[in-house]
Amino acid sequence: MSANHERELEESLIEAIDDVRYNSDDLDVDEVSEYILGEDQINRYLIGLQDDCTRASFYCTATRSIAYKPVTGESPSKLVDTVTGVSNRQQLRDWIVDQEWSWIHPRFRWLLTD
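So, how was this worked out
- Residues numbered from 1 in each chain as written.
- Predicted model: local features only at pLDDT ≥ 70, side-chain atom pairs only at ≥ 80, totals over all residues.
- Heavy atoms only, no water.
- Pairing = 2+ DSSP bridges.
- Helix = DSSP H or I, 4+ residues; strand = E, 2+ residues; numbered from the N terminus.
- Contact = heavy atoms within 4.5 Å.
- Axes fitted to C-alpha atoms, helices over the stretch in contact; angles between N-to-C directions.
- pLDDT = per-residue confidence, 0-100.
- Buried < 20%, exposed > 50% of the residue type's maximum accessible area, 1.4 Å probe, protein only.
- Core = buried A, V, L, I, M, F, W, Y, C linked by side-chain atoms within 4.5 Å.

Asks: Is there a simple way to explain the sheet that holds strand 2 (residues 55–60) in this structure?
Replies: The strands making up a sheet associate through hydrogen bonds between their backbones, and the pairing can be parallel or antiparallel. Read from one edge of the open sheet, 5 strands run 4-3-2-1-5, paired in antiparallel fashion. The sheet terminates laterally at strand 4 (81–83) and strand 5 (103–104), the two strands that pair on one side only. Direction of pairing for strand 1 (residues 44–50) relative to strand 5: antiparallel, over a ladder of 2 bridges. The partner of Gly-48 across the bridge, within strand 5, is Ile-104. Against the sheet, helix 2 (residues 29–38) engages strand 1, strand 2 and strand 3 (65–70), with an angle of about 140° to strand 1.

Right, here's the structure in full:
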């Protein structure tokens with residue numbers, strides 16, 4: 001991924017969190033965004049942010065599950081909850097389409113267009 005693309009992705013994420021959490025003194029948006037994007041790795045893909053940008057959703061290829069991490073309050077390294085049984089691309093697609101998103105990673109946005 002190019003440095004310009006990474007910067008645009010981080011700016012998009014920061015803007016999304018700022019739009020929802022604009023008066024939140026308890027949140028370092030730059031730090032949280034950096035952490036969330038850092039978690040977007042080869043076996044754990046950031047899908048997006050849900051619940052007014054308070055939780056990040058990741059698809060974990062090793063466990064074939066969705067993992068939720070907090071964006072506010074607790075440490076973002078804490079695993080909050082999981083959705084198991086997402087064993088193939090069709091199930092992942094269906095799950096993504098059925099959710100409400102505050103922000104979705106560009107790699108998955110095409111799933112939400114008609």
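Asks: Help me understand the confidence of the model for the chain, please; the structure alone is not making it clear to me.
Replies: Any residue range with low pLDDT should be treated as having predicted coordinates unsuitable for detailed reading. Chain-level statistics for the chain give a pLDDT mean of 85 and a share of 87% at 70 or above. Put simply, strand 4 is where the chain has its lowest mean pLDDT, 85, and strand 5 is where it has its highest, 95.

Asks: What's the story with unusual backbone geometry in this structure? I'm lost.
Replies: A negative phi angle characterises most non-glycine residues, just as the trans form characterises most peptide bonds. Despite not being glycine, Asp-51 shows a phi value in the positive range, around 50°. Structurally, Asp-51 is set in the loop between strand 1 and strand 2. With a relative accessible area of 46%, Asp-51 lands in the partly exposed category. Although it is not a glycine, Asp-52 adopts a positive phi angle of roughly 55°. You can see Asp-52 is positioned in the loop between strand 1 and strand 2. Owing to a relative accessible area of 53%, Asp-52 belongs among the exposed residues under this scheme.

Asks: Help me out: how do you make sense of the nonpolar core in this one?
Replies: A general trend in soluble globular proteins is that nonpolar side chains are found buried together. Core analysis: the largest hydrophobic core is formed by 17 residues, its most contacted members being Ile-17, Ile-36 and Leu-49. Elements with a contribution of two residues or more to this core: helix 1 (3–20), helix 2, strand 1 and strand 2. When residues of this core are assigned to their parent elements, the largest contribution, 5 residues, is made by helix 1. Discounting chain neighbours no more than four positions away, the residues touching Ile-36 are Leu-13, Leu-46, Leu-49, Ala-56, Phe-58 and Val-71. Formed by 12 residues, the second largest nonpolar core is a distinct cluster that contains Ile-66, Leu-92, Trp-95 and Phe-108.

Asks: Looking at this structure, I do not really get the pairing of strand 1. What am I missing?
Replies: The side chains of a regular strand alternate between the sheet's two faces. Among the 7 residues that make up strand 1, 5 are buried, leaving the element largely enclosed by the rest of the structure. Here strand 1 pairs with strand 2 via 6 bridges, running antiparallel. When the sheet's bridge partners are listed, Gln-50 is paired in strand 2 with Arg-55. Taking the residues between adjacent antiparallel strands as the criterion, strand 1 and strand 2 are bridged by 4 residues, where Asp-51 takes a positive phi near 50°.

Asks: How should I be thinking about the environment of Phe-58 in this particular structure?
Replies: Tracing the chain through its elements places Phe-58 in strand 2. C-alpha of Phe-58 to C-alpha of Leu-46: the two residues are 12 residues apart in sequence and 4.4 Å apart in space. The contacts of Phe-58, once residues within four sequence positions are left out, are Ile-36, Glu-39, Asp-40, Arg-44, Tyr-45, Leu-46, Ile-47, Ser-65, Ile-66, Ala-67 and Lys-69.

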